[in-house]
Structures are given as structure tokens and as C-alpha cells.
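One-letter residues, chain by chain:
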Amino acid sequence: QQQGQQQSPQQQDQQTPGREQLEQARERMQQAIEQLQQQKHDEASDEQDAAIARLEEMKAELEEILRQLREEEQGLFLAMLEARFQRMLELQLDINNGTLKLDRVPPEERNDDRHFTRSTKLSRDESKNVTEAEKALMLLKEEGSSVAFPEAVEMMRDNMQAVSGRLERGLVADTTQLLERLIVESLEEMIFALQREMEKQDQEPQDGEGQQGEQGDPSLVDALAELKMVRSLQSQVNRLTQQYGQAFEGEQATEPEDLEFLQKLSVRQLRIHDATYDLSIGKNR
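Fair warning: this is a prediction, and the values are worked out from it, not measured in the lab.

Assigned secondary structure in the protein consists of nine helices and zero strands. Taken from N to C terminus, the helices and strands of the protein fall in the order α-α-α-α-α-α-α-α-α. Every one of the 285 residues in the protein was classed for burial, and the buried ones make up 39%. The long-range fraction of contacts in the protein, counting pairs at least 24 apart against all pairs at least 6 apart in sequence, stands at 79%. Summed over all atoms, the accessible surface of the protein reaches about 17200 Å², with 47% contributed by carbon and sulfur.

What follows is about the pattern of salt bridges. What the rule picks out here adds up to 13 salt bridges. Across the pair Lys-200 and Glu-197 runs a salt bridge whose closest N-O atoms are separated by 3.6 Å. Taken together, the residues span about one helical turn, with Lys-200 and Glu-197 both in helix H7 (residues 174-207) at a distance of three residues. Taking the relative accessible area as the measure of exposure, Lys-200 reaches 27% and is therefore partly exposed. A network of salt bridges, in which partner residues are shared, links Glu-154, Arg-157, Asp-158, Glu-260 and Lys-264.

With that settled, the discussion passes to the nonpolar core. If you look at the biggest cluster of nonpolar residues, it comprises 52 residues, and the most contacted ones within it are Phe-85, Val-153, Met-156 and Met-190. Where this core is concerned, the elements lending two or more residues are helix H4 (41-104), helix H5 (112-143), helix H6 (148-168), H7, helix H8 (223-247) and helix H9 (256-280). Here this core gets eleven residues from one element, more than from any other, and that element is H7. Leaving out residues up to four positions away in the same chain, Met-156 has contacts with Met-88, Ala-133, Ile-183, Ser-186, Leu-187 and Met-190.

Let's shift gears to H8. Given a rise of 1.5 Å per residue, 25 residues ought to cover 36 Å, and the 36 Å separating the end C-alpha atoms of H8 matches this to within 8%. Where H8 is concerned, the buried positions are Ala-225, Glu-226, Met-229, Val-230, Ser-232, Leu-233, Gln-236, Val-237, Leu-240, Gln-243 and Tyr-244.

Before going further, it helps to spend a moment on H5. Compared with the 46 Å implied by 1.5 Å per residue over 32 residues, the 46 Å span of H5 between its first and last C-alpha is a close match. A positive phi of about 80° marks Gly-144, the residue just after H5.

Viewed as axis vectors pointing N to C, H5 and H6 meet at an angle of 165°, and their least axial separation amounts to 8 Å. Comparing their axes, H6 and H5 come out roughly antiparallel. Considering how the two elements wind past one another, H5 and H6 form a crossing that is left-handed. Considered class by class, the residues forming the contact of H5 with H6 number 14 nonpolar, seven polar and six charged.

Within the fold, Leu-167 resides in helix H6. The exposure class of Leu-167 is buried, given its relative accessible area of 0%. Along the sequence, Leu-167 and Thr-120 sit 47 residues apart, while their C-alpha atoms lie 6.1 Å from each other. Setting aside anything within four residues of it in sequence, one finds Leu-167 in contact with Ile-95, Thr-99, Ser-119, Thr-120, Leu-122, Ser-123, Val-172, Thr-176 and Glu-180.

Let's shift gears to the side chain of Glu-197. Taking the relative accessible area as the measure of exposure, Glu-197 reaches 6% and is therefore buried. In this structure, Glu-197 is in contact with Leu-78, Leu-220, Val-221 and Asp-222, ignoring residues within four places of it in sequence.

With that settled, consider the environment of Val-130. Tracing the sequence through the fold places Val-130 in helix H5. Owing to a relative accessible area of 9%, Val-130 belongs among the buried residues under this scheme. The sequence separation of Val-130 and Gln-161 amounts to 31 residues, and the corresponding C-alpha distance is 6.6 Å. Setting aside its immediate chain neighbours within four residues, Val-130 contacts Arg-157, Met-160 and Gln-161.

So, about the side chain of Arg-268. Tracing the backbone through its elements, the reader meets Arg-268 in helix H9. The side chain of Arg-268 is buried and forms no salt bridge, while Asp-158, the nearest opposite charge, is found at 4.3 Å. Those residues within four positions of Arg-268 in sequence are excluded, and the remaining contacts are Met-155, Asp-158, Asn-159, Val-237, Leu-240 and Phe-261.

Cut-offs used in this document
- Residues numbered from 1 in each chain as written.
- Predicted model: local features only at pLDDT ≥ 70, side-chain atom pairs only at ≥ 80, totals over all residues.
- Heavy atoms only, no water.
- Helix = DSSP H or I, 4+ residues; strand = E, 2+ residues; numbered from the N terminus.
- Buried < 20%, exposed > 50% of the residue type's maximum accessible area, 1.4 Å probe, protein only.
- Contact = heavy atoms within 4.5 Å.
- Areas by Shrake-Rupley, 256 points an atom, 1.4 Å probe, with all protein chains shown as cover.
- Salt bridge = Lys/Arg side-chain N within 4 Å of Asp/Glu carboxyl O.
- Core = buried A, V, L, I, M, F, W, Y, C linked by side-chain atoms within 4.5 Å.
- Expected span 1.5 Å × (residues − 1).
- Axes fitted to C-alpha atoms, helices over the stretch in contact; angles between N-to-C directions.
- Parallel < 35°, antiparallel > 145°, perpendicular 65-115°, else oblique.
- Left-handed = near helix turned anticlockwise from the far one by under 90°.
- Nonpolar A, V, L, I, M, F, W, Y, C, P; charged D, E, K, R; others polar.
- Lys, Arg positive; Asp, Glu negative; His and termini not counted.

These figures capture arrangement, not role.
Right under this line is the structure:
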């Protein structure tokens, strides 16, 4: 900032991207005007062509600068998301370990007050991850280039909410543990996809393939990562359907949390179908 204050306005103008080409084009235009006024049509045409060439140079330079800025911004966004998911994964693994420890205690040896106190603590920790997932979901929707990732985060958040509700009721058995494993799987898969995308960005300038700006704004992740995420979401729905079918075999769910989650589970299949269709028509491009 101090260096910028010490520079003269003329020095700052010279550093503006495309400024030199724009000034040259302006000069060519002025010369063309003078040639036309003197009825020197051939000379005026030459000056106009030169002005157009300078403007094309400026356009190309500015497009390259914008492309680099978009790539830098996307790199920061990927790194920020990856760091957030890493923190969520660390907390989730602690929650999963705590749930397993509680479940290993035989029912007859469980002290009700102590069991519920520990389970409630885990429920509060899971609620923290719910908040983080909602923030990540908002960021992904604002970014707008991914179809599968927002769906994955939204379904992961639903799983977290279900886990939090079950832990609050002291439920630490199979269904809770399956939901917790699915959360970890989602986080690990998203972290891996983000890391691969950042590695690709680091390699592209060296390979001379950093031409995404010519094809439009780059997507958050490539199409293969999107398809893998959709496949993972479908697998999760299948596993949860089987688990809840076994848990409530011969009877109906009565707890509000279970009823709400089962309703969300029925909606997931439609959302996965819609996401698959959006990918097939390139809606994220």
C-alpha cells in the first residue's frame, strides 16, 4: 500500500493490464480520424486495422489475467473446503469411537445416568458437525458448478442430524453406527476428490494444459468425481434402506426422529435421480 501511494498516477496507469494496448489502439483511431478528414481512405483503413489488432491483443491479455484469477480463486476455495472437511472428519471419528465404546458396555452393566450423559455429549458434538455441514452446503450452492457435491453434503448433514437425535436418546447400536460410518465415508471421499483436483491444478501449468479459461469457467471437480459421488450416494441409500428395514421388521417406527429420517430417505432417491439427470445434460457447466 505504501509503495502504491509513492507511485505517480502515470506509473500506476502503466501497470494496468492492457493499458498499453488500449493507448496504442486509441492513437491508431486518432490517426485514422485524421486520415479520413484528409480523405486518405487507404491510410485510414490501415490505421483502423492496426487499432483493431491492438484491441484484440488487449482482449487476449485481459482474458488470460481473468483465467488466472479464476484458477487462483478456485484453488483457494478447494483448499478451504478440504480443510473444513478434515476438521469435520477428525471430530466425526472421535464421535464414532465414543459410540463404539458405549455400545461395548453390556446393557446390564450400564449406569443409566452415566450412559445418557456420555451419549448426550456425543450428540452435542455431532450437532457441531451439522452446523459445519450447513456452512459447507451454503458455500457449494453459491459456487454453483457442482451437482453431486451439494447433494452429498446435504445427505451427510441429514445423517448427522439422525445420529445426533439417536445419541440424544441413548441409541448407540447398529443403525447409529451405520449412519456414523456413512458420514466418515462421505467426508473421506470428498476430501480425496478435492485433493486430486488441487493436484491437477498444480500440474496443469507445467504440462501446458491450463486452457480451461477458453472453455468457460472451470468446474469445482471433474465429471468423473461427480459420477463417483452419485454412485456413492446411491449405495448409501441402499444400505440405509436395508438397515432400517431390519430394525423395524414387523413393526413401524414411532420415534419422531426416525419417522422424519425415513421420510427424508424416501426423498433421497428422487434427488439422486435428478442429480444424475443434471449431470447427463451438463447442467453444472
